[in-house]
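Next come the chains, spelled out residue by residue.
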Amino acid sequence: MSCLDCRSRGLLLPSVRLALVLASGGFTSGFVGVVGAKETPLPSGPGIVDARPAEGPYVEVDGKFMAPYIETIPGTDVTFEMIPIPGGEFLLGSPEDEADRSEDEGPQVRVRIAPMWVGRHEVTWAEYQSYMAMYERFKQFEQLAAASPEHAIIGEHVVPVDADGVAVVDAVTCPTPLYDPSFTYSAGESPEQPAVSMTPFAARQYSKWLSGLTGRDYRLPTEAEWEYAARAGTTTSYSFGDEADGLEDYAWFDDNAGYETHPVGKKQPNAWGLHDMLGNVAEWTLDEYAPDQYEQLLGDGVEPVDGARAVRWPTKSYPRAVRGGSWLDTADRLRVAARQASEDDEWKLSDPNAPHSPWWYTEEPATGIGMRVVRPWGGVHAEDRPRVWDAETESIARQVQRRLQEGRGVRGVVDRQLPAAIDAAEKLAQ
């Protein structure tokens, strides 16, 4: 199939040094960029090969080849798969004549997106509970380091604090156990189910933990990156066309979900091999939600907008941009351009904690919101790491700090030696 054939089927092909080669499953892209894009050395590691893969999808970038890969979370047997996505340009938002369109989906603006790997499906409970397990581990580290200071590898993962209890080194915080998981996990928490109910702060900390463990930069997608990946080159209401008649083949939503989430990856993927971009659970992005965001992007009169500039960094606790729709939503809310704004107080009404947990929500629709990780080709630039991975606003940072000072939270240092520190702690505990 030629690129001309792709255009006739409604695909929007990226325009700058990008060729779509469906016959061999390959893409060529000249983009090197990330959030806060700057020139970076060519990356290496899983998913990057020197020779063109003989089979399967790939993306060629500056003489290297991005390929799918399976990541094993260090210290566990839990795996997830990352799919290469080509860089290119697309129209963010929906046209004025799209059925069921909301005003916050326009005006359309052309955005340039850099190459990235995207999770084949949403983060599962198997993945997220590996992170949740760090709560008990970090508590154990603190106790063992105090009792056995000679065990250096354990002490190196305990976060020192100043007289005010403020961490003096960078750290990852872990979510506290839920007071009533049977309610918040009402749709199930089996390993293949998508994880839900985490706050944007918790989602960011998960990606920071994962990045520290693996030595590779994982993060949430920006709102523009999410829509680009979900469209997979198309310009229609859904990634498979304009009509919702075929939605049941691609998504779990209110008509077929039975009021619960479902194991990931069971529905058909989009053209780029991504499952559950629409439905099952909606997904967090990095962006603060603003109904006039696209109008503001057009304000400078410059198109295409660089993807690094398109992100709206949060300046307040909420609302945040949620995309994709969930098992709770009707078909029209699963359109690729549909946007959702988060709440905070209303989504924590059943939380008995004072202040409310910075890690968990308790109400619908948050029980239908999860996340998906991306890995940018150029990594995450050093200056962007705090706003990609940590508390996005001062108010959230204060909430977290208060919980930690009250002993209702824990933090630790996460690096590639963490599994060895956990093994050492296990031996000491025997």
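Worth saying up front: this structure is predicted, and the values here are computed from it rather than measured.

1. A closer look at the nonpolar core
Counting 70 residues, the largest nonpolar core has Tyr128, Phe141, Tyr206, Trp209, Trp284 and Leu418 as the members making the most contacts within it. Dropping the residues within four chain positions of it, phenylalanine 141 is found in contact with Ile154, His157, Val158, Leu418, Ala421, Ile422 and Ala425. With 31 residues, the next largest nonpolar core counts Ile83, Trp226, Leu278 and Ala310 among its residues.

2. Some words on a negative patch on the surface
A contiguous patch of negative charge on the surface is contributed by Glu96, Asp97, Asp242, Glu243 and Asp245. Note on placement: glutamate 243 falls in the loop between α7 (223-231) and β12 (282-288).

3. Concerning the sheet that holds strand β10 (residues 116-119)
In space, the four strands of this open sheet follow the order β6-β7-β10-β17, with antiparallel pairing throughout. Looking along the sheet, the strands with just one partner apiece sit at the ends: β6 (69-72) and β17 (374-376). With strand direction ignored, the average angle separating the axes of adjacent strands in the sheet is 30°. When β10 meets β17, the two strands line up antiparallel, connected through three bridges. Bridged to valine 118 within β17 is valine 374.

4. A short note on the environment of alanine 230
Summarising the element assignment, alanine 230 is placed in helix α7. Using a relative accessible area of 1% as the deciding quantity, one classes alanine 230 as buried. Each residue touching alanine 230, except ones within four places of it in the same chain, is listed here: Ser239, Asn270, Met277 and Val336.

5. Regarding the pairing of β12
With seven of seven residues buried, β12 lies mostly within the body of the structure. One ladder, built from two bridges, connects β12 with strand β16 (residues 369-370); its direction is parallel. If you follow alanine 282 over to β16, its bridge partner there is isoleucine 369. Across three bridges, β12 lies against strand β14 (residues 320-323) in antiparallel orientation. Each residue of the ladder has a partner; that of glutamate 288, found in β14, is arginine 320.

6. Observations concerning the confidence of the model for the chain
Residues shown with low pLDDT carry predicted positions that ought not to be read at fine detail. For the chain, per-residue confidence averages 88 on the pLDDT scale, and residues scoring 70 or more make up 88% of the total. When the criterion is pLDDT under 50, residues 1-24 qualifies, and its contacts beyond four places in sequence or with other chains add up to 48 contacts. pLDDT under 50 marks residues 28-40. Its contacts with residues more than four places away, or in other chains, come to 47 contacts.

7. Here's the deal with the side chain of asparagine 256
Mapped onto the elements of the fold, asparagine 256 is located in the loop between α7 and β12. For asparagine 256, the residues in contact, after removing those within four places along its chain, are Glu248, Ala251, His262 and Lys267.

8. Some details on the packing of helix α2 (residues 125-132) against helix α6 (residues 200-214)
Here α2 crosses α6 at 85°, and the two axes come no closer than 10 Å. Taken together, the axis directions place α2 and α6 in an arrangement best described as roughly perpendicular. Counting all contacts with α2, which are made through Glu127, Tyr128, Ser130 and Tyr131, the residues of α6 involved are Ala202, Gln205, Tyr206 and Trp209. The residue makeup of the contact of α2 with α6, split by class, is five nonpolar, two polar and one charged.

9. Points about the pattern of salt bridges
Tallying each qualifying case throughout the model produces 23 salt bridges. Glutamate 392 serves as the salt-bridge partner of arginine 320, at 2.4 Å between the closest nitrogen and oxygen. Residue arginine 320 is located in strand β14, and its partner glutamate 392 is located in the loop between α10 (385-389) and α11 (394-405); the two are separated by 72 residues in the primary sequence. Taking the relative accessible area as the measure of exposure, arginine 320 reaches 1% and is therefore buried. In this structure, a network of salt bridges that share partners links the residues Glu223, Glu227, Arg231, Arg323 and Arg339.

10. Focus on the sheet that holds strand β8 (residues 88-92)
Overall, mixed pairing links the three strands, which are arranged β8-β9-β13 in an open sheet. Two strands in the sheet have a free side with no partner beyond their single neighbour: β8 and β13 (305-306). With five bridges connecting them, β8 and strand β9 (residues 109-113) associate as antiparallel partners. Each bridged residue has a counterpart across the sheet, and for glycine 88 the counterpart in β9 is isoleucine 113. With respect to the sheet, α7 is in contact with β8 and β9, its orientation differing from that of β8 by roughly 100°.

11. Considering the packing of aromatic side chains
Aromatic rings considered in pairs are described by the distance between their centres and by the relative angle of their planes. Applying the stated criterion to the full structure yields 20 aromatic pairs. Pairwise contacts between aromatic rings join Trp125, Tyr128, Tyr131, Tyr206, Trp209 and Trp360 into one cluster. Taking the ring centre of tryptophan 252 as reference, the NZ or CZ of lysine 267 above it sits at 4.1 Å.

12. Quick look at the pairing of β14
Neither face of β14 is exposed, since Arg320 and Val322 on one face and Ala321 and Arg323 on the opposite face are all buried. Inspection of the sheet shows β14 paired to strand β15 (residues 339-341) by three bridges, in the antiparallel sense. Bridging across to β15, alanine 321 finds its partner in alanine 341.

Each value, and the rule that gives it
Numbering of residues starts from 1 in each chain and follows the order in which that chain's sequence is written. Since the coordinates come from a predicted model, pLDDT governs what is reported: local features require at least 70, and pairs of side-chain atoms require 80 or more to be given and counted, while whole-chain, interface and lining totals use all residues. The side-chain figures draw on all heavy atoms in the structure; neither hydrogens nor water molecules are used. Only buried residues count toward a nonpolar core, which is a set of Ala, Val, Leu, Ile, Met, Phe, Trp, Tyr and Cys residues joined through side-chain atoms within 4.5 Å. Only protein chains enter the accessibility calculation, which uses a 1.4 Å probe. A residue is then buried if its area is under 20% of the maximum for its type, exposed if over 50%, and partly exposed in between. The contact definition used throughout considers only heavy atoms, calling two residues in contact when any of these lie within 4.5 Å. Like-charged residues within 9 Å of one another, or nonpolar side chains (Val, Leu, Ile, Met, Phe, Trp, Tyr) within 5 Å, are grouped into patches, provided each residue has over 30% relative accessible area and no salt bridge. Surface accessibility in these figures is a Shrake-Rupley result with a 1.4 Å probe; residues are shielded only by whichever protein chains are displayed. Whenever a carboxyl oxygen of Asp or Glu lies within 4 Å of a side-chain nitrogen of Lys or Arg, that contact is scored as a salt bridge. For the purpose of counting charges, residues Lys and Arg are taken to be positive, whereas Asp and Glu are taken to be negative. His and the chain ends are not included. Just so you know, the charge point we use is NZ for Lys, CZ for Arg, CG for Asp and CD for Glu. We count a stretch as a helix when DSSP gives it H or I for four or more residues in a row; a strand needs E for two or more, and each element gets its number in order from the N terminus. In this description, strands pair whenever DSSP reports at least two bridges between them. Orientation is described by lines fitted to C-alpha atoms, with helices fitted over the stretch in contact, and by angles between N-to-C directions that extend from 0 to 180 degrees. Residue-level confidence of the predictor is what pLDDT reports, using numbers from 0 through 100. Between 65 and 115 degrees an angle is taken as roughly perpendicular, under 35 as roughly parallel, over 145 as roughly antiparallel, and anywhere else as oblique. Note that Gly is not counted as nonpolar here; it falls among the polar residues with everything else outside the nonpolar set of Ala, Val, Leu, Ile, Met, Phe, Trp, Tyr, Cys and Pro and the charged set of Asp, Glu, Lys and Arg. What counts as a ring pair is set by centres within 6.5 Å for rings of Phe, Tyr and Trp (its six-membered ring), and what kind of pair is set by the plane angle: stacked under 30 degrees, edge-to-face over 60, tilted for all other angles. Placement of a positive charge over a ring is assigned whenever Lys NZ or Arg CZ falls within 6 Å of the ring centre and within 35 degrees of the normal to the ring plane.

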